[in-house]
Amino acid sequence: MNKRKLELYEDLFQKMGPGVNKVTIEQIASAFKCSERHARTLLKQMSDSGWLTWLPARGRGQKGELNCHSEPIDACYEQVDLAIEEKKYELAHQLISFNGRDIAAGLKQYLGRTSSQNEKTIYAPFHRKIGQLHPHHSMERTERHLIHEVFQTLVTFEGSGLQGDLAHSWDSDNSHTKWTFHLRSSATFHDQSMVTAADVVESLRAMTQSTYWRRLYDHIDQIEALSLYCVVITLTTADPNLPLLLSRAEASILPRHTVYLPETSYLPIGSGPFMVDISSERVLRLVRNNQYSGQCALVEKIEIWIHKEWEQDKKCAENFFFLDGEEDSYKVSTNNIGYFFVQLNHRELQTDSIKHSLLRLFQGEEEACFELPFPVSFSYENNNDNREFANKLISLDSVGKKKSTVRQVTYGQAAPNQDLAIGGIRLEGDRATSLFAFFKLYPYWNKSLTWEQHDYLVQTLQSIRSSASATQQEAMLDQLIAFLYDNNVLAIFKSENLTLTVPSRVRNVAINSIGWCDFAKLWVKPV
């Protein structure tokens, strides 16, 4: 496998053309720009690869018979196939770029051709390296989706209700402070070890001790293994909706010996429908887990190919899949994956005038011409939408010319001491639990609220947690959002929507709340 050899073959092909040609070794050496001796070596190597056949004639200057069988791009794809088979992904990228070809475009063409011939693997493009798939440390949308594909939670949220996942049954006492979960005895991790109550206890205890997640799970007092396949969770306050919390990505169950491993030695071992086969800077490959305790995936592999230049590609932003680019496609849309907000933390900014001016700015209804009273420090989350909103704010003269401080942050990692913050609320699972999680996990409410406002926030969240009615919970959360809006602290200005453009042969695509789709349900219709 050699990029230079491909380039030489293409030079020869362009000069001689396909099919049979009568040509001298001198002409071939001229096309290769090398000696006749080296030209013979190259012809032998290309013949061994099946690209051409060369029948030399006896005598110097005599014309032999050259037959170029393969188009150069087909020869390239054969070499890329071999590189991938040997897990040499860096080499695959190099081969795709032979003779100055654009890697991003060439890689898409290769994957489109490969996937159109393969019903067992689905390919998707992505623009950055996939982060560590550890349930307690992953914040980004894509990583949290992949955690659900690789790991299992005790229960899972499907549509409008809960279903068993690792737990086949669960119940609570009358006070909703003691919950019992009964595990499937058939569940196994990808390393073939059994999933037991000890793994559940260690995974959930570590989550509740996490600097970030413990605010959301601060009412969990004890997690104990009652037997090999039975776990009891005791709470300090009533929570009729604890199973909904435990359906979130961070509550995924790991083998207990991997929970505290450092990043350098951690491997994502779950019990979900897919196992991680390859995790590199170029490719994340998931393979079907045939021992999955639920319904097995319909495809054998999901491959996410990574190339930075795809970042601005509209289709990549839509998480589309690679199939034959000429075939029909269909669209799947949702307007229910989250919201964008602006948070006014500095008391001098908490006015009707500034709030409404910012909303008009972010919603594109007003030119950037209003004044902020002082150079602000503000943060924004690291995705394209929030970068666009931040740029609108930076374009204000009162921000751009007053030495304001701007900081980009990862989702969920709020920066301290920010006058303004631009961010998102993700609807993962049910809406009430997602909004509740947003309010519980933000660590700086006491700095942006008066003590009366903060007391109202705390009391409202306690009432929401203890309510058994989803309708009542949502009503209280909407009242809380309205309260913060009226007090010029928090304003939601846009819903987060998503449309996927999907090749017609990829079936069962339904957008989930994280902005992807359940990989285990996908299948490819034969040509």
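Note that the coordinates shown come from a computational prediction; the quantities given were computed from them, not determined experimentally.

Draft legend 1. A look at the overall build of the protein. Across its full length, the protein carries 17 helices and 20 strands. With respect to the principal axes defined by its C-alpha atoms, the protein has extents near 100 × 65 × 40 Å. Taking all 527 residues of the protein together, the buried fraction comes to 53%. Put simply, 69% of the contacts in the protein that link residues at least 6 apart link residues at least 24 apart. About 23,500 Å² of surface is accessible on the protein, with carbon and sulfur atoms providing 47% of the total. A gap of 6 Å separates the mean positions of the 56 positive and 64 negative side-chain charges of the protein.

Draft legend 2. Representation of the packing of aromatic side chains within the structure. For the structure shown, the criterion picks out 18 aromatic pairs. Taken together, the ring pairs in this structure connect F341, F438, F439, Y442, Y444 and W445 into an aromatic cluster.

Draft legend 3. Spatial organisation of the sheet that holds strand β9 (residues 220-227). Spatially, the four strands line up as an open sheet ordered β7-β8-β10-β9, and their pairing is antiparallel. At either margin of the open sheet sits one strand with a lone partner, and together these are β7 (167-172) and β9. Each neighbouring strand pair of the sheet contributes to a mean axis angle of 20°, computed without reference to strand direction. Strand direction decides the pairing type here: β9 and strand β10 (residues 230-235), joined by six bridges, are antiparallel. Paired with Q222 across the strands is T234, a residue of β10. Packing against the sheet, helix α8 (residues 197-209) makes contact with β8 (178-183), β9 and β10, and its axis sits at approximately 170° to β9.

Draft legend 4. Spatial organisation of unusual backbone geometry. With phi around 75°, Q192 is a residue other than glycine that occupies positive phi space. You can see Q192 is positioned in the loop between β8 and α8. Although it is not a glycine, N508 adopts a positive phi angle of roughly 70°. With respect to the secondary-structure elements, N508 resides in the loop between β19 (506-507) and β20 (523-524). With relative accessibility at 46%, the residue N508 sits in the partly exposed group.

Draft legend 5. Examining the nonpolar core more closely. Ranked by internal contacts, the top residues of the largest apolar core, which has 55 residues, are L154, L204, Y217, I233, L246, F439 and W445. Element by element, the count of residues in this core is highest for helix α14 (residues 431-441), at seven residues. Each of two domains, domain 2 (147-258) and domain 3 (335-496), supplies a minimum of three residues to this core. Among all residues touching L154, those that are not within four sequence positions of it are G164, D165, L166, A167, F181, L183, V200, L204 and L246. Within the second largest apolar cluster, 42 residues are counted, among which are A39, A104, L107 and Y110.

Draft legend 6. The pairing of strand β6 (residues 161-164), seen in detail. With four bridges joining them, strand β5 (residues 155-158) and β6 adopt antiparallel strand pairing. Residue V155 lies in a different strand from β6, and its bridge partner there is G164. Between β5 and β6, which pair antiparallel and follow one another directly, the connecting turn spans two residues, one of which, G159, has a positive phi of 65°.

Draft legend 7. Focus on the packing of α14 against helix α16 (residues 451-466). One way to put it is that α14 packs onto α16 with a least axis distance of 11 Å and a crossing angle of 145°. Our pair here, α14 against α16, has a crossing hand that is left-handed. Here α14 contributes F436, F439 and K440 to the contact with α16, which in turn contributes L457, L461, I464 and R465. Residues that form the contact of α14 with α16 fall into these classes: five nonpolar, no polar and two charged.

Draft legend 8. Structural context of the side chain of R426. Along the chain, the position of R426 falls in strand β17 (residues 420-426). Salt bridges are absent for the buried R426, whose nearest opposite-charge side chain, E428, sits at 4.1 Å. Setting aside its immediate chain neighbours within four residues, R426 contacts M139, E140, R141, R144, I337, G338, Y411 and S434.

Draft legend 9. Structural detail: the sheet that holds strand β14 (residues 329-344). The strand order across the open sheet formed by five strands is β16-β15-β17-β14-β18, and the pairing between neighbours is mixed. Looking at the sheet topology across the chains shown, the edges are occupied by β16 (405-409) and β18 (490-503). The average angle at which neighbouring strand axes cross in this sheet is 25°, direction not considered. Relative to β17, β14 runs antiparallel, the two being bridged by seven bridges. Residue pairing across strands places Q343 opposite A421, the latter belonging to β17. Contacts from helix α11 (residues 352-362) reach β14, β17 and β18 within the one sheet, and its direction differs from that of β14 by about 155°.

So, how was this worked out
- Residues numbered from 1 in each chain as written.
- Predicted model: local features only at pLDDT ≥ 70, side-chain atom pairs only at ≥ 80, totals over all residues.
- Heavy atoms only, no water.
- Helix = DSSP H or I, 4+ residues; strand = E, 2+ residues; numbered from the N terminus.
- Buried < 20%, exposed > 50% of the residue type's maximum accessible area, 1.4 Å probe, protein only.
- Contact = heavy atoms within 4.5 Å.
- Areas by Shrake-Rupley, 256 points an atom, 1.4 Å probe, with all protein chains shown as cover.
- Lys, Arg positive; Asp, Glu negative; His and termini not counted.
- Charge placed at Lys NZ, Arg CZ, Asp CG, Glu CD.
- Phe/Tyr/Trp six-rings, centres within 6.5 Å; stacked < 30°, edge-to-face > 60°.
- Pairing = 2+ DSSP bridges.
- Axes fitted to C-alpha atoms, helices over the stretch in contact; angles between N-to-C directions.
- Core = buried A, V, L, I, M, F, W, Y, C linked by side-chain atoms within 4.5 Å.
- Domains from an automatic or database assignment.
- Left-handed = near helix turned anticlockwise from the far one by under 90°.
- Nonpolar A, V, L, I, M, F, W, Y, C, P; charged D, E, K, R; others polar.
- Salt bridge = Lys/Arg side-chain N within 4 Å of Asp/Glu carboxyl O.

Read these as geometric descriptors, not functional statements.
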